[in-house]
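Listed here are the chains, written in short residue letters.
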Amino acid sequence: MRYSKMLIPTVKEVPSDAETTSHKLMIRAGLIRRVASGTYTYLPLGFRCLQKVINIVRQEMNKSGAQEILMPSVQPIELWQKTGRDIDYGETMATFKDRHGRVNVLAPTAEEVVTTTAANEINSYKQLPINIYQISFKFRDEFRPRFGVIRSREFIMKDAYSFHTDPQSLDETYKVMYDTYCSIFKRCGLDYVIVEAESGEMGGSGSHQFTIPCESGEDVIVYTEDGSYAANIEKADVDPLPPTVDPLHPTVILSEAKNLPPAEDIHTPNVGSIEAVCDFLKTKPNQMVKTLIYASEGKTIAVLIRGDHDVNDEKLTQAVTGAHIELADVETIEKVSSAKVGFAGPVGLAENVDKILIDNAVAAMPVWITGANKTDYHTKNVVPGRDFSLEDAQIMDLRNAVEGDTHDGKKLLFKNGIEVGQVFKLGTKYTQKLGAKFLNPEGKEQVCLMGCYGIGINRIIASAIEAGNDKNGIIFPISIAPFEVLITSVNQDDEKVANVAEDIYKQLLEKGIEVLLDDRILRGGVKFKDADLIGIPVRITVGKRSVAEGNVEIKLRSESESTKATIETAAEKTAEMVTSLKEKLKP
Ligand code: ATP
Ligand code: MG
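Scope of this entry: the structure provided in the associated data block. Note that this is a predicted model, so its numbers are computed, not measured.

**A look at the overall build of the protein**
Okay, so step 1: Broken down by element type, the protein carries 16 helices and 32 strands.
Okay, so step 2: Each of the three principal axes of the protein carries a C-alpha extent, and together these read 95 × 65 × 50 Å.
Okay, so step 3: Looking at the protein residue by residue over its 587 residues, the buried ones come to 53%.
Okay, so step 4: For the protein, the proportion of contacts with a sequence separation of at least 24, taken over those separated by at least 6, is 70%.
Okay, so step 5: When the accessible surface of the protein is totalled, it reaches about 26900 Å², and 50% of it is carbon and sulfur.
Okay, so step 6: Taking the 69 positively charged and 84 negatively charged side chains of the protein as two groups, their mean positions are separated by 6 Å.

**Focus on the coordination of the magnesium ion (ligand 2)**
Okay, so step 1: Around the magnesium ion (ligand 2), the protein contributes the donor atoms Glu-419 (OE) and Gln-422 (OE1), at 2.1 to 2.3 Å from the metal centre.
Okay, so step 2: The class for Gln-422 is buried, based on a relative accessible area of 11%.

**Description of helix H1 (residues 21-28)**
Okay, so step 1: Within H1, burial applies to Ser-22, His-23, Leu-25, Met-26 and Ile-27.
Okay, so step 2: On its buried face, H1 is in contact with strand S1 (32-36), strand S2 (39-42), helix H12 (457-467), strand S26 (469-470), strand S27 (473-474) and helix H14 (524-534).
Okay, so step 3: Count one or two residues on from H1 and you reach Gly-30, which has phi positive near 70°.

**Section: the side chain of Arg-459**
Okay, so step 1: The residue Arg-459 is located in helix H12 in this model.
Okay, so step 2: Buried and without a salt bridge, Arg-459 has Glu-419 as its closest oppositely charged side chain, separated by 4.7 Å.
Okay, so step 3: When neighbours within four sequence positions are excluded, Arg-459 is seen to be in contact with Val-149, Ile-150, Arg-151, Ile-418, Glu-419 and Val-420.

**Considerations on the sheet that holds strand S15 (residues 299-306)**
Okay, so step 1: The strand order across the open sheet built from five strands is S16-S14-S15-S17-S20, with neighbouring strands paired in mixed fashion. Of all strands in the sheet, those with a lone pairing partner are strand S16 (326-327) and strand S20 (393-396), marking the two edges.

**A few points about the sheet that holds strand S5 (residues 94-97)**
Okay, so step 1: Here three strands make up an open sheet; going across it, the order is S4-S6-S5 and the pairing antiparallel. Looking at strand neighbours, the two that pair on one side only are strand S4 (74-76) and S5, the edges of this open sheet. In this sheet, adjacent strand axes meet at a mean angle of 40° when their direction is disregarded.
Okay, so step 2: As defined by bridge partners, S5 adjoins strand S6 (residues 103-106) across four bridges and the pair is classed as antiparallel. Along S6, the bridge assignment pairs Phe-96 with Asn-104.

**What about the site of ligand 1?**
Okay, so step 1: In the neighbourhood of ligand 1, 14 residues make up the surrounding shell, with Arg-140, Glu-142, Arg-151, Ser-152 and Glu-419 lying closest.
Okay, so step 2: Between ligand 1 and Gly-421, the relevant distance is 3.5 Å, taken from an oxygen atom to a main-chain nitrogen or oxygen of the residue.
Okay, so step 3: When isolated, ligand 1 has an accessible area of 590 Å², and the protein chains bury 83% of it.
Okay, so step 4: Of all the secondary-structure elements, those providing two or more residues to the shell around ligand 1 are strand S8 (154-164) and strand S22 (410-427).
Okay, so step 5: A per-element tally of the shell around ligand 1 places S22 first, with four residues.

**Overview of the environment of Ile-540**
Okay, so step 1: Within the secondary structure, Ile-540 sits in strand S30 (residues 538-542).
Okay, so step 2: Assessed through its relative accessible area of 0%, Ile-540 is described here as buried.
Okay, so step 3: As for Ile-540 and Lys-437, which are separated by 103 residues in sequence, their C-alpha atoms are 59 Å apart.
Okay, so step 4: In contact with Ile-540, other than residues within four places in its own chain, are Val-485, Leu-486, Ile-487, Thr-488, Ile-504, Leu-508, Val-552, Glu-553 and Thr-574.

**Some details on the packing of helix H2 (residues 44-63) against H12**
Okay, so step 1: Viewed as axis vectors pointing N to C, H2 and H12 meet at an angle of 115°, and their least axial separation amounts to 9 Å. Between H2 and H12, the angle is such that the two are roughly perpendicular. The interaxial crossing formed by H2 with H12 has right-handed handedness. Here Gly-46, Cys-49, Leu-50, Val-53, Ile-54 and Val-57 of H2 lie close against H12, whose contacting residues are Ile-457, Asn-458, Ile-460 and Ile-461.
Okay, so step 2: Considered class by class, the residues forming the contact of H2 with H12 number eight nonpolar, two polar and no charged.

**Things to note about the pairing of strand S11 (residues 219-224)**
Okay, so step 1: Pairing of S11 with S22, which is carried by six bridges, proceeds in the antiparallel orientation. Looking at the pairing, Asp-219 lines up with Gly-417 of S22.
Okay, so step 2: Two strands pair when backbone bridges link them, and S11 and strand S12 (residues 230-232) are joined in this way by three bridges, in the antiparallel orientation. Within S12, the residue paired with Val-222 across the bridge is Ala-231.
Okay, so step 3: Taken together, S11 and the strand that follows it, S12, pair antiparallel across an intervening segment of five residues, in which Gly-227 is found at a positive phi of about 75°.

**Quick look at the pattern of salt bridges**
Okay, so step 1: Under the defined criterion, the tally for this structure stands at 35 salt bridges.
Okay, so step 2: Here Lys-410 makes a salt bridge to Asp-226, at a shortest N to O gap of 3.0 Å. Remark: Asp-226 occurs in the loop between S11 and S12 and Lys-410 occurs in strand S22; sequence separation between them is 184 residues.
Okay, so step 3: Judged by its relative accessible area of 34%, Lys-410 falls in the partly exposed class.
Okay, so step 4: Here Lys-582 ties to Glu-484 by a salt bridge, and the two come within 3.1 Å at their closest N and O atoms. Here the residue Lys-582 occupies a position in helix H16 (residues 570-583), and Glu-484 occupies one in the loop between S27 and strand S28 (485-489), the gap between them amounting to 98 residues.
Okay, so step 5: For Lys-582, a relative accessible area of 40% translates into the label partly exposed.

What counts and how
Residues numbered from 1 in each chain as written. Chains lettered and ligands numbered in written order. Predicted model: local features only at pLDDT ≥ 70, side-chain atom pairs only at ≥ 80, totals over all residues. Heavy atoms only, no water. Helix = DSSP H or I, 4+ residues; strand = E, 2+ residues; numbered from the N terminus. Buried < 20%, exposed > 50% of the residue type's maximum accessible area, 1.4 Å probe, protein only. Contact = heavy atoms within 4.5 Å. Areas by Shrake-Rupley, 256 points an atom, 1.4 Å probe, with all protein chains shown as cover. Lys, Arg positive; Asp, Glu negative; His and termini not counted. Charge placed at Lys NZ, Arg CZ, Asp CG, Glu CD. Donors = N, O, S within 2.8 Å, 3.2 Å for Na, K, Ca; no water. Salt bridge = Lys/Arg side-chain N within 4 Å of Asp/Glu carboxyl O. Pairing = 2+ DSSP bridges. Axes fitted to C-alpha atoms, helices over the stretch in contact; angles between N-to-C directions. Near = heavy atom within 4 Å. Polar contact = N/O pair within 3.5 Å; in protein donor to acceptor, adjacent residues only side chain to side chain. Parallel < 35°, antiparallel > 145°, perpendicular 65-115°, else oblique. Left-handed = near helix turned anticlockwise from the far one by under 90°. Nonpolar A, V, L, I, M, F, W, Y, C, P; charged D, E, K, R; others polar.

Any functional reading would require information that these geometric values do not contain.
The structure is reproduced here in structure tokens:
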């Protein structure tokens, strides 16, 4: 391709909403343009990257034995009602009413449709296992679309779904997909980390996330230094804290707490947040217990969590055996606690709720400061077991890991990352509800087991840019770069230079190399700036002076030094460099 004929609108300025490096560079390098919040047009360079990633994903999926299909983006809401995910997805799911008044979903994913297909088309164990996938648009009305194509409202996902007769078969395909993902991300030039993730299914046999560590990543990876454990924060199990000595009453240990002065209500007017209450009571958040009221399937559940900790939604979901659970509405909270929101506490609460769940860290505290179930009041010297019965409460891990926590006695470390893909064992979560069954060899009907495997195509490009860039622009891995080689003809108005550039261009095309010829009649400085910005891995510089000496310069985008090659050997030498760069990305 010739630069002069291509739409590559590079720009200096970046929009103010571009927070991350990849977002800024994708705009500046003319890969994408924003259409509206969370929606983008891919311009020619960006689209080439997208196609390359799609090709890699498709090749590896086909190699793994998966079969490609295409499902509709517009799906009837009734399918989603069957699994209850119309509610679980909440407002993230975009819907519209058609002219006949039917409600349609703009697919955020496709478990419901694919499982219905399986229910209709599979009837015998002889058809199993099967793994089917598609590469298609997904829509999610994200609360806060951001970071360019990393969290957009419309994106391209590769989603695969496998169906099985038994757990061993599911394990096998899961392993094949896990290995396929390793190959895909390696080929895309990404340094990925695999972490354990929540499978969202009770007794669920597992899930892994493929994550690219980078500062702007929204996921938090929790790991031990020796690498023996890595999980995302939603999943990371923390060791229970040892029973503590109360720092406010240093002489008090758990067993002696019963002898403390009686619980006492304190007037705390106009103090809303934990911090404000702490200031008022001259205490610390880790001495406070938050009492949060949740609603799940018509039941009211109180969750007790230390003031400085956060409830982990996934662990909470597991605690209610995978059911939908969300914070109760104001009316319920006020009814249950007999107070305004913000003053719920455990004392006397048991009669008003169906269940009390206590986090391990709360259970390790000898005395608590809690809400008083009375507007504008808190209670201090609350001693569990003395001031309220622990008998009906369940004590478990319910919170996010924090600095200082351990797993199996090893210190947990934290870093940010971008989730590019995830693999799940779903068991019968969808197949049961949607009736995906088969006849076993004995002619008995059984429910299929299922796995699902997703990759965010657009996120791969953004993550590669997050990981590969310098102050001048993008440094693309060769496998997903829009072109493999860029020829910068510095003095295009000089006939000799133009001819040499043209000649090398043709030789490279003949060798099957993807090459962009910068044939614009522009100052060298401008062309070099664009070259660095768009990040094509190999650059050949053809200039008047070196051509006069019979040479051109070849440089890798990732390196600062260039090497000389004679005009005659330039194409050959460049081809070798391309091969060697590709070699490094072989799985
Ligand atoms: P997240 O937790 O980041 O919202 P998710 O876990 O909901 O993502 P999945 O349902 O597992 O995402 O979707 C599969 C893949 O699709 C993800 O691994 C990710 O790469 C990609 N993806 C998900 N949401 C978006 C989005 N809003 N924009 C771009 N890619 C996305
Ligand atoms: Mg995910």
